[in-house]
Every structure is written in structure tokens, then in C-alpha cells.
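Report on the structure
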Amino acid sequence: MKNLGYYNGKYDELENMQIPMLDRVCFFGDGVYDATYSYNYVIHDLKEHVDRFYRSADLLEMEVPMCKRELTELLRELVRKVDSHEQFVYFQLTRGTGIRNHVYPDNEKVKANLWVVLTPKKVVDTYKSVKLITRPDTRFYHCNAKTVNLIPACMGANAAALRGADECVFHRGNEVTECAHSNVHIIKDGKFITHPADEFILNGISRLNLLRKCGELGIPAEERVFTVDELFNADEIIISSCGSFCLRASEIDGRSVGGKAPEILRALQDSLVKEFHEECGE
């Protein structure tokens, strides 16, 4: 298959799949998701992504219709049906199907819907540099749940694209939170600094991997709020997500930034890329 869509036990190529109009995601964006990549048909950091998927579902009081082991095996089985050894692996849970009603349906009477979308896609070149813009963070206070309510993120990503940039950095007042679809971190005076894992950011798996690598490499790390001023004056600015492990930012709002701690940056990048290829069989 060139790609794959799965919905509650049925699957086919995406162009052939149909979703009920009464799925609550159509009315309310009432769902959670997670995503990662598969390389050589091995799904990267699968346990961590499945665990976060269930945490997001718990935060929205949703029940996944299978246990973690069953979901893990399903995802492993489905990626082998796609004719590409490099895939973007997306899985989503929506609260069920029924007549539009703001009140949650009874979980015992209305079962949640499980989606999987698999498309050929490569991870980003970790060693490329990216351009950023900044934008006020107007999202709600549940950013720690990975929900499908992504309009502010889409607005930020589109604003970046219109300005010839790769990503949009959000800030609440002068405090940097995260990006439209990635986490943002800085290196200053030899220390890796990242926003705390609270309700203002998604605790990215790649963010956690960076913190773990800092420990392994002896790089001091601190989880604290940092400001827009600190962002512009950092020695390095790093963007991380499941498809871009550790990207260096070279420009923000048209101003050149970073480039002052290349050894630390390269050590993190090399270690993450090496681990990815070791896990995925290359």
C-alpha cells in the first residue's frame, strides 16, 4: 500500500477511507493524538509515544478501546503494510460518534474511535538550521494534553511560512513557551535550558530525550521559564520534535541568532542521530 488509513478496525489506502459525519471530532475537535516516525519498519520511541497518548486521553476523560500492548502491536503491524521504509506514524482517539451535544457521552454507551494514519515521510535533517518568527501565545491552558485543537498552531505555522520561516515561537508576555509544532530550548553559558513541563507546553518526547542526553554527556540542564530577551541572546536556540530531533535556529524575526556553542549542539545532535539509527536497525 502507498499509505494507510485505519478507523475502528477497518483500513485501506487513505483515499478510500470514509469517516462518519457524527464523529465528535467534526464538531468539537474532541480528540487526542500522538505521532512519531518509523524507519526500517521500526517505530521510533514507540513506548514513550503510546504512554503519552494514554496520558492525553486520561486528561480528557477518554477511554482508549484497547490496552497499551494491543495498540503497540497494532501500530507495528500496520506500518508493515505500507510500501515505504520511512513513514510518519499518526494515531488519534476521538470521543465517539453521536448527535451533536456539548456534554460528553457516557463512555460505556458510546465507544471512542481509534484512527491511524501512515504516510511515507523522512525525518528532518538534524544538522540543518532553521528560521523562526515570534508570536503571542493565545492558546488555552491545556497544552500538556496533545489534543487535535490546533487552530492557533496552524495560524502560527502559516504566519511563519508567509514570512519565509520554518517555525513560530510562542510567548505569553515576555515568557517563551513552545513552538507551533515543536519545543524550543536554549543553550546559555554551557547550560541547556527548557521550559518546565507544565500546562503551557506539551512535554515532547524529543524534549525528554534532549534532557536525558544532557545527563549522559555531562551538559548541565535546567527546566525553567526563559524570556524572549534570553531567546534572542542565547548561545544556541534548539527546536525539537519527533521528526526533528535537535535543529539549530539561525534566525529569529529576521535577526541572526545563536552559533556560539557549536560543540555542545553537535554533541547532542550526534548522540540523538546515533541512537535513532541504532534503535531502527542501521
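This one's a predicted model, so the numbers in the text were calculated from it and none came from an experiment.

**Considering the pattern of salt bridges**
Summed over all chains, the structure comprises 23 salt bridges. The closest approach of N and O atoms between Lys213 and Glu275, which form a salt bridge, is 3.1 Å. Residue Lys213 is found in helix H5 (residues 205-217), and its partner Glu275 is found in helix H7 (residues 262-279); the two are separated by 62 residues along the sequence. Note that Glu222 is salt-bridged to Arg224, the shortest N-O span being 3.4 Å.

**Here's the deal with the sheet that holds strand S6 (residues 113-120)**
The six strands are arranged S2-S1-S6-S5-S3-S4 in an open sheet whose pairing can be described as antiparallel. This sheet does not close on itself; its edge strands, each paired only once, are strand S2 (10-12) and strand S4 (42-43). By the bridge criterion, two bridges tie strand S3 (residues 31-39) to S4 in an arrangement that is antiparallel. The residue of S4 that forms the bridge with Ser38 is Ile43. Helix H3 (residues 68-79) contacts strand S1 (4-7), S3, S4, strand S5 (86-94) and S6 of the sheet and is inclined by roughly 35° relative to S6.

**Some points on the packing of aromatic side chains**
Enumeration over the complete set of coordinates arrives at nine aromatic pairs. Arranged with centres 5.1 Å apart and planes meeting at 50°, the rings of Phe245 and Phe276 form a pair that is tilted. Of the two residues, Phe245 is situated in strand S14 (residues 244-252) and Phe276 in helix H7; the sequence distance between them amounts to 31 residues. Here the two residues Phe245 and Phe276 agree in accessibility, since each one is buried. Site record: aromatic cluster; members linked through ring pairs are Tyr39, Phe245 and Phe276. Cation over ring: Arg95 sits above Tyr104, and NZ or CZ is 3.4 Å from the ring centre. It is Arg172 that lies over the ring of Tyr141; its NZ or CZ is 5.0 Å from the centre.

**Observations concerning the packing of helix H2 (residues 46-59) against H3**
The interhelical angle for the contact between H2 and H3, taken along N-to-C directions, is 125°, at an axis separation of 10 Å. Accordingly, the angle class assigned to the pair H2 and H3 is oblique. Seen from above, H2 lies across H3 with right-handed handedness. When H2 is examined against H3, the residues Leu46, Val50, Asp51, Phe53 and Tyr54 are found in contact with a partner set consisting of Lys68, Leu71, Thr72, Leu75 and Arg76. Its residues assigned to classes, the contact of H2 with H3 shows six nonpolar, one polar and three charged.

**A short note on the environment of Glu279**
Note that Glu279 resides in helix H7. Separated by 91 residues in the primary sequence, Glu279 and Lys188 place their C-alpha atoms 30 Å from one another.

**Quick look at the nonpolar core**
Among the nonpolar cores identified, the biggest contains 27 residues, and Phe53, Leu71, Leu75 and Leu93 are the most heavily contacted of them. Every element with two or more residues in this core is listed here: S1, H2, H3, S5 and S6. Non-local contacts of Leu75, meaning those with residues more than four positions away in its chain, are made with Ile43, Leu46, Val50, Val89, Phe91 and Val116. Listed in part, the 19 residues of the second largest apolar core include Val130, Val228, Ala234 and Ile237.

**Considering helix H4 (residues 151-162)**
Taking 1.5 Å per residue, 12 residues should reach 16 Å; H4 reaches 16 Å between its end C-alpha atoms and fits that length. When H4 is considered as a whole, its buried residues turn out to be Ala153, Gly156, Ala159 and Ala160. The arc enclosing the buried residues of H4, seen along the axis, measures out at 125°, which places them on a common side. Across from the buried face of H4, at angles greater than 90 degrees, the exposed residues are Ile151, Ala161 and Leu162.

So, how was this worked out
- Residues numbered from 1 in each chain as written.
- Predicted model: local features only at pLDDT ≥ 70, side-chain atom pairs only at ≥ 80, totals over all residues.
- Heavy atoms only, no water.
- Salt bridge = Lys/Arg side-chain N within 4 Å of Asp/Glu carboxyl O.
- Helix = DSSP H or I, 4+ residues; strand = E, 2+ residues; numbered from the N terminus.
- Pairing = 2+ DSSP bridges.
- Contact = heavy atoms within 4.5 Å.
- Axes fitted to C-alpha atoms, helices over the stretch in contact; angles between N-to-C directions.
- Phe/Tyr/Trp six-rings, centres within 6.5 Å; stacked < 30°, edge-to-face > 60°.
- Buried < 20%, exposed > 50% of the residue type's maximum accessible area, 1.4 Å probe, protein only.
- Lys NZ or Arg CZ within 6 Å of the ring centre and 35° of its normal.
- Parallel < 35°, antiparallel > 145°, perpendicular 65-115°, else oblique.
- Left-handed = near helix turned anticlockwise from the far one by under 90°.
- Nonpolar A, V, L, I, M, F, W, Y, C, P; charged D, E, K, R; others polar.
- Core = buried A, V, L, I, M, F, W, Y, C linked by side-chain atoms within 4.5 Å.
- Expected span 1.5 Å × (residues − 1).
- Arc of directions from axis to C-beta.

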